[in-house]
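Here are the chains, one letter per residue:
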Amino acid sequence: MTILAMDQGTTSSRALVFGDDLRVQAKAQQEFTQHFPQSGWVEHEPDDIWTTSAATARGAIEKAGNPRIDAIGITNQRETVIIWDRKTGTPIHNAIVWQDRRTADVIDRLKAQGVEDQVTDTTGLLLDPYFSATKIAWILDRVEGARARAEAGDLAFGTVDSFLIWKLTGGRSHVTDATNASRTMLYDIHKGRWSEDMCKLFGVPMALLPEVRDSASEFGITRADLFGREIPILGVAGDQQAATVGQACFQPGMMKSTYGTGCFALLNTGTEAVRSENRLLTTIAYQLKGKPVYALEGSIFIAGAVVQWLRDGLKMIREAGETGPLSQEADRSQQIILVPAFTGLGAPHWDPQARGAIFGLTRNTGPAELALAALESVGFQTRDLLDSMRADWSAAGDAVLRVDGGMTASGPAMQFLADIIGAPVDRPENTETTAQGAAWLAGYQAGLCPAPEEYAKAWRLDRRFEPGMEQSARDARYARWQRAVQAVMSI
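**Q** It is not clear to me how the packing of aromatic side chains should be interpreted in this structure. Could you clarify?
**A** We describe a pair of aromatic rings using the distance from one ring centre to the other and the angle between the two ring planes. The tally for this structure, following the rule as stated, stands at 17 aromatic pairs. Between the aromatic rings of Trp98 and Phe301, the centroid separation amounts to 6.3 Å while the plane-to-plane angle is 55°, which identifies the pairing as tilted. You can see Trp98 sitting in the loop between strand 7 (95–96) and helix 2 (104–112) and its partner Phe301 sitting in the loop between strand 18 (291–300) and helix 11 (304–313), a full 203 residues away along the chain. The pair formed by Trp98 and Phe301 is uniform in burial state, with each residue classed as buried. With 4.8 Å between their ring centres and 10° between their planes, Trp440 and Tyr444 make a pair best called stacked. Of the two residues, Trp440 and Tyr444 are both situated in helix 15 (residues 433–446); the distance of four residues between them amounts to about one turn of the helix. Given the relative accessible area of 0%, Trp440 is considered buried. Every member of this aromatic cluster is reached through a ring pair, and the members are Trp98, Tyr130, Phe131, Phe264 and Phe301. Positioned over the ring face of Trp138 is Arg102, at 4.5 Å from the centre of the ring.

**Q** For this particular structure, what's the right way to read the side chain of His44?
**A** With respect to the element layout, His44 can be found in strand 4 (residues 43–44). Look at His44 and you get buried, because its relative accessible area is 0%. Within the structure, His44 has its side chain in polar contact with the backbone oxygen of Thr10 (distance 3.0 Å). For His44, the side chain forms a polar contact with the side chain of Gln77, separated by 3.3 Å. Setting aside anything within four residues of it in sequence, one finds His44 in contact with Thr10, Phe32, Thr33, Gln34, His35, Ile49, Gln77, Asn94, Ala95 and Val97.

**Q** Is there a simple way to think about the pairing of strand 17 (residues 281–288) in this case?
**A** Look at any regular strand and the pattern is simple: side chains alternate between the two faces of the sheet. Most of strand 17 is tucked away: eight of the eight residues are buried. Note that strand 17 and strand 18 share seven bridges and pair antiparallel. Its bridge partner being in strand 18, Thr282 is matched across the sheet by Leu296. Adjacent in sequence and paired antiparallel, strand 17 and strand 18 are bridged by two residues, among which Lys289 carries a positive phi angle near 55°.

**Q** Would you explain the nonpolar core in this entry?
**A** Generally speaking, a soluble globular protein has its nonpolar side chains buried in company with each other. One finds Ile83, Leu186 and Phe202 to be the most contacted residues of the largest nonpolar core, which totals 104 residues. Among the elements that make up this core, the one with the highest residue count is helix 13 (residues 367–392) (eleven residues). With residues near it in sequence (within four places) discarded, Phe202 still touches Leu110, Val119, Leu127, Ala133, Thr134, Ala137, Met185 and Leu186. Counting residues in hydrophobic clusters, the runner-up holds 32 residues, among them Leu4, Met6, Val17 and Trp166.

What counts as what
Sequence order sets the numbering: in each chain, residues are counted from 1 along the sequence as written. In view of the model being predicted, local features appear only for residues whose pLDDT reaches at least 70, and side-chain atom pairs are presented and counted only at 80 or more, with totals across whole chains, interfaces and linings using the full set of residues. Only hydrogens and water are set aside when side-chain values are computed; all heavy atoms of the structure are taken into account. Ring pairs are drawn from Phe, Tyr and Trp, using the six-membered ring of Trp, whenever the two centres fall within 6.5 Å, and their geometry is named by plane angle: stacked under 30 degrees, edge-to-face over 60, tilted for the rest. Helix and strand assignments follow DSSP, with helices taken as H or I runs no shorter than four residues and strands as E runs no shorter than two, numbered in order from the N terminus. Throughout this description, buried means an accessible area under 20% of the type-specific maximum (1.4 Å probe, protein chains only), exposed means over 50%, and partly exposed covers the range between. Charge over a ring is defined by NZ of Lys or CZ of Arg lying within 6 Å of the ring centre and within 35 degrees of the ring normal. In protein, a polar contact means a hydrogen-donor-capable atom and an acceptor-capable atom, both N or O and within 3.5 Å, with residues adjacent in sequence counting only if both atoms are side-chain atoms; elsewhere, any N or O pair within 3.5 Å suffices. Throughout, a contact is declared for two residues whenever any of their heavy atoms are within 4.5 Å. Strands were regarded as paired on the criterion that DSSP finds at least two bridges between them. Definition used in this section: a nonpolar core is a set of buried Ala, Val, Leu, Ile, Met, Phe, Trp, Tyr and Cys residues joined via side-chain atoms within 4.5 Å.

The values are spatial; any link to function lies outside them.
Below you can see the structure in the form of structure tokens.
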């Protein structure tokens, strides 16, 4: 068995080749340019997404010794919007990234109209520029002739998975899976279909939309010229849902948190679509054999990206891996608080206008203290999410948090996470859980991977971080964080 997982992320494209027992045989990765046309705007060139994805796929296959690939699984940055010409495959605008806040004024108008409950009842989501719907409408209204072309069926919309599948199949497949569809604010997660009411509300012609399939399904066959032969695409899931699968969180009450550019915590609620009373999202964790499994999700916009800011913005470090050792040199008595609301605040605050701030600066504050504050900001934000989950669903109370993503390599960051949430944090042996989830979906559809129950038995613990902070200290530090968040929301 050999499966190729294409993992298309916000700042880089990656590809991994998995062999028997879903062990990684080879991997390749390429970063690509981020575009910031205005404050709060974030774009990607679709061609960069495609070329880096294709190049890393070929690179990983070559590194693995050019094995025969049995199937492809795709996982991707979610909510990012691409619209292209159905005849030529040419995008009509840069991709508008999930972090982008340009439609905040549209969201404010919709909130004022009192439609948020209708949106949440149908899609499980809250009104926020984070999701795809208002981004789609923005492109249609700004690119000359685009709306008429969309209504005539000449254009196609896709989240990144759909765009990659279109390119991989030479335009033969315009499809997505239920997890990605559930992030557009256009999909009825209860009825399992695109919502005509939501499309009317947001001004999105239904002719634009891809066909929605299970996360393990037949999505198309690649062009033979790409990898030397045709290969079936059999698994697709948005990156956070793929990580949930990769972490084997198949039972209700299981929870994972992924630390990449952002941070995303998902709590499996089984066949029950739990509506949050604490401004979390109700989403589809995965869908197999036509049956959706739901989750509560909390989304943090800036996690690993705060380390990128230390590197690229402040130029304090040369490589991300320097952050952990640097933070250990900090004067902890200063207790600097960094609220990284660079693109607004996500769950549970959902304030697109908030901006970042640093509190508690002294004459002695230096790079080490800022590095520590950056890492701790991720722990504080995660507690925001978990406290909301615990309030929404009692089964979340005693959950162990399974973690993955680049930041989990930092022992100090993970220890602080355990300390501030007051619960164990489990780091798996295999931290490539997002790609592995996509690979398992493809292998499961191909009949090469075991059923969920058997697959879950193969999950292996690398290290458990136990909370060691006194309750009084934990509460005091978290209270300072909450005051800082309120301050940036009131500016």
